[in-house]
Amino acid sequence: MLKTIKRRILLIEALLVCLLPVTAAYSQTINRELQQMNTSYALQYLQKAAEFYTDANYAEALEYVEKGMTFDDSFADFFYLKAQCLIQLDGTRAQCLDAAETALTSGLKLRIYNRDNLVLLLARLYTETEHYSEAIQVLDSLAFDSADRDFYRAAALYGLGRDGQARDVIEIALSRWSFDVRFPRLFFLQERDKAMTRAGKKLADALLQQLYVWIEQEPSLAVYAAPFDPNPKENSRRLKVYRSMYEADNRNLDARTQLAAVLAELRYGVIDEKTAIKEFFDVTVADHLPQKANVKASVFALYSDQLIELCRLTGTDAMRKEIGNRLKTFSGVLLEDDNRDGISNAAVFFEQGRPVSAFFDLNQDEVYEYQVQCNFGAPDLIVTAKNGYAVQYDSYPAVHSIVQKAEKREYIMRPLTFRWEPVAQTELDLRLRDTDAEAPAFFTLRLRNNARLLQEHDFIFSVLYSEEPAPSDTNAVMRMHFEDGRIISAEIKTGTQTLALARYRNGVLAQKEYDYDGDGFFEVLEQYSKQGKLDKISVDINKNKLFEYYELYKTDGTVIKNWDENEDGTPEIQYTQFPSGNAQTVWKHRYSGLPVSVYYKKGTPERLTIGKTSVPLIKDPQYNVYWLEMRPSFSDKVAEKLTALFKDTDSDVEARTILIGSYELYAVRSEGAVFVQMLRVPVRAAPVKAEGRK
């Protein structure tokens, strides 16, 4: 019979060994089939998204891209289409750039588009966000020349200040890509107001000679070419043609081009000053403004350099006064385009001639590094999203408070002790007072060249106190008080009630007190060393300012826990945890007064001594109870009772006295085990009731 059972066991084991590889292979097959299904669905969504994109249905295309990526996001085409759709749907350049960079991640597959498409898109976004070196680097990876490659290279070279090399690229492009209007437009935008070199003059003349090739394709080129043509009659003729034939088209162009057209037409006498001022202040913009999500309202728009140019071109006193009156009540946005690439890097919103908010975008990715809210034209709140700070002012530039949003921490400054001035209130040099002494000054906000994001070390010496949600209770507030940049105290409060109080010495934690029941009395005291390491924890259970329990923390890692029931300074029970993981519990014998010591090894009681005498430990068969020297016949009932008595306590060590007939049982719990000694009650000290000690 035994042999038969053994043979069956061996057979079952053999079957299991055979089935394990089969099960693993089956699981791999199922996973492979599921992956194939997901890939198939993803490709269907990709094909549909590409069709929607081709039909200029960008919202639908983006929706299909997002759905397809949930099945399989290993296709670079998804990220390429996402970036292209976001561009068309006015997503931020940061979002577009993130998708475009992901599309070129190593290991992604291409099904519809090719790598050149991905590289050119990324080069465009790098150029628009002022990552010029990265743009040139990624363009160098292309194997073949193209108009896009040359254009983005020229734009990046201008961005890096390598104007001569940029002009060389444009000069070559004139023969390679003769009908591409982007190259003359780039030259005219970037070279205006720069000192003209011989090479630059030669290229400008060549472009003017071929202007007829592009002007029908992009009529606004007449506006940008005007400053380079020394023939005023020819400029006037081209601008008259542009105004008469393309006025409606001009209103659909970007605000900078519309304003440039007004200024060019005024400069060459195509329109008078009154018409110019009216049209100049009627230009609006809606795209790529720092407005609320899903809000795309048109606002009146000016560019500061073009406003200055308007004031220079306007000569009559009445019209210059009209400009002053309009600026006095101007409500709209004043934009800056420092690098003349047609993308604004700063937007200052006005109401009734005063700034109400400003947004500064250092790399043109539409993630605004400095966001300013104003009060009567002066900065009142500056938010720096990159590091999550919000700076509130008393009176600019004196800071009242700083909020660290990630940690929800607010620093309150001592009055007038910390000044932070990243933004300057700048009066535009309009020179209106040259002809009208009462002309109003027009102030805007500009980011200082030396502006940098705040760090805690910049302002910590001016902090009076800080507040943040308490780590253990988000409904409570933790307030830390500072002096000379160092914490001197900290408290946790709910309303006016203090739950915890910490004190510091030379910036190092020295003491903590806790009020656990909220009655205004600190039951727990923590004390720390000069290095800020925990030394001692004391607990006053009955709130008489004497401690019944305390823990000592030694430098070698030893922890000693003491129970002093009668509050005489000498503990009745002491538990020691050694760095090795071993432990020892010591208490006084009930009658002899000798020390009873239990020694633990890795959490298990190893031996027990009374005085210097080793005493055998007898383990109860059912419960984690150990008897000293002897176990009575009724031990099972006692063990069950003791387990129940100790069950509801969280203490590491606890002592209890129980009377059963003429016997006294003295039990101590330590590390989850209960140690019991049975004593016959002497007549002179017969207990009359049960006692407990914690």
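This one's a predicted model, so the numbers in the text were calculated from it and none came from an experiment.

All chains considered together, the criterion is met by 43 salt bridges. Between glutamate 63 and lysine 67 there is a salt bridge; the shortest N-O distance is 3.2 Å. Of this pair, glutamate 63 and lysine 67 are both found in helix α2 (residues 58-71), 4 residues apart, which corresponds to roughly one turn of the helix. The exposure class of glutamate 63 is partly exposed, given its relative accessible area of 37%. A salt bridge links glutamate 265 to arginine 243, with the shortest nitrogen-to-oxygen separation between them at 2.9 Å. In this pair, glutamate 265 is assigned in helix α14 (residues 255-267) and arginine 243 in helix α13 (residues 232-250), connecting sequence segments 22 residues apart. For the pair formed by glutamate 265 and arginine 243, the shared burial category is buried. One salt-bridge network, held together by shared partners, links Arg192, Asp193, Arg267, Glu309 and Arg340.

A word on the environment of leucine 189. Residue position: leucine 189 is located in helix α9 (residues 182-191). If near-sequence neighbours (up to four positions away) are discounted, leucine 189 is found in contact with Tyr224 and Arg340.

On the surface, Leu34, Met37 and Tyr41 cluster together into a nonpolar patch covering about 300 Å² of accessible area. One can find tyrosine 41 in helix α1 (residues 2-54). Taking relative accessible area as the criterion, tyrosine 41 reaches 39% and is therefore assigned partly exposed.

What follows deals with α2. Helical periodicity: at 3.6 residues per turn, an α-helix aligns residues three or four positions apart in one direction. Counted at 1.5 Å a residue, the expected span for α2 with its 14 residues is 20 Å, and the 21 Å between its end C-alpha atoms agrees. Of all the residues in α2, the buried ones are Ala61, Leu62, Val65, Gly68 and Met69. Taken around the axis of α2, the buried residues stretch over an arc of 130°, which confines them to a single face.

For the rest of this paragraph, the subject is the nonpolar core. Membership of the largest hydrophobic core comes to 171 residues, with the highest contact counts inside it found for Phe188 and Ile402. The leading source of residues in this core is helix α3 (residues 76-88), at 9 residues. In this view, phenylalanine 188 contacts Leu207, Leu208, Leu211, Leu221, Tyr224, Ala225 and Phe228; residues no more than four positions away in its chain are not counted. Trp627, Ala667, Val676 and Met678 belong to the second-largest nonpolar core, a separate cluster that totals 12 residues.

Below, the discussion takes up the packing of aromatic side chains. For the coordinates displayed, the defined rule picks out 28 aromatic pairs. Centroid distance tyrosine 600 to phenylalanine 675: 6.1 Å. Interplanar angle 75°. Geometry classified as edge-to-face. Residue tyrosine 600 is located in strand β24 (residues 595-601), and its partner phenylalanine 675 is located in strand β31 (residues 673-680); the two are separated by 75 residues in the primary sequence. Residues tyrosine 600 and phenylalanine 675 agree in their burial class; the two are buried. The rings of Tyr41, Tyr45, Phe52, Tyr64 and Phe71 are connected pair by pair, giving a single aromatic cluster. Between arginine 479 and the ring centre of tyrosine 465, over which it is positioned, the NZ or CZ distance is 4.0 Å. Taking NZ or CZ as reference, lysine 536 lies 5.0 Å from the ring centre of tyrosine 550, over its face.

Criteria and cut-off values
Residues numbered from 1 in each chain as written. Predicted model: local features only at pLDDT ≥ 70, side-chain atom pairs only at ≥ 80, totals over all residues. Heavy atoms only, no water. Salt bridge = Lys/Arg side-chain N within 4 Å of Asp/Glu carboxyl O. Helix = DSSP H or I, 4+ residues; strand = E, 2+ residues; numbered from the N terminus. Buried < 20%, exposed > 50% of the residue type's maximum accessible area, 1.4 Å probe, protein only. Contact = heavy atoms within 4.5 Å. Patch = residues over 30% accessible without salt bridge, like charges linked within 9 Å, V, L, I, M, F, W, Y side chains within 5 Å. Areas by Shrake-Rupley, 256 points an atom, 1.4 Å probe, with all protein chains shown as cover. Expected span 1.5 Å × (residues − 1). Arc of directions from axis to C-beta. Core = buried A, V, L, I, M, F, W, Y, C linked by side-chain atoms within 4.5 Å. Phe/Tyr/Trp six-rings, centres within 6.5 Å; stacked < 30°, edge-to-face > 60°. Lys NZ or Arg CZ within 6 Å of the ring centre and 35° of its normal.

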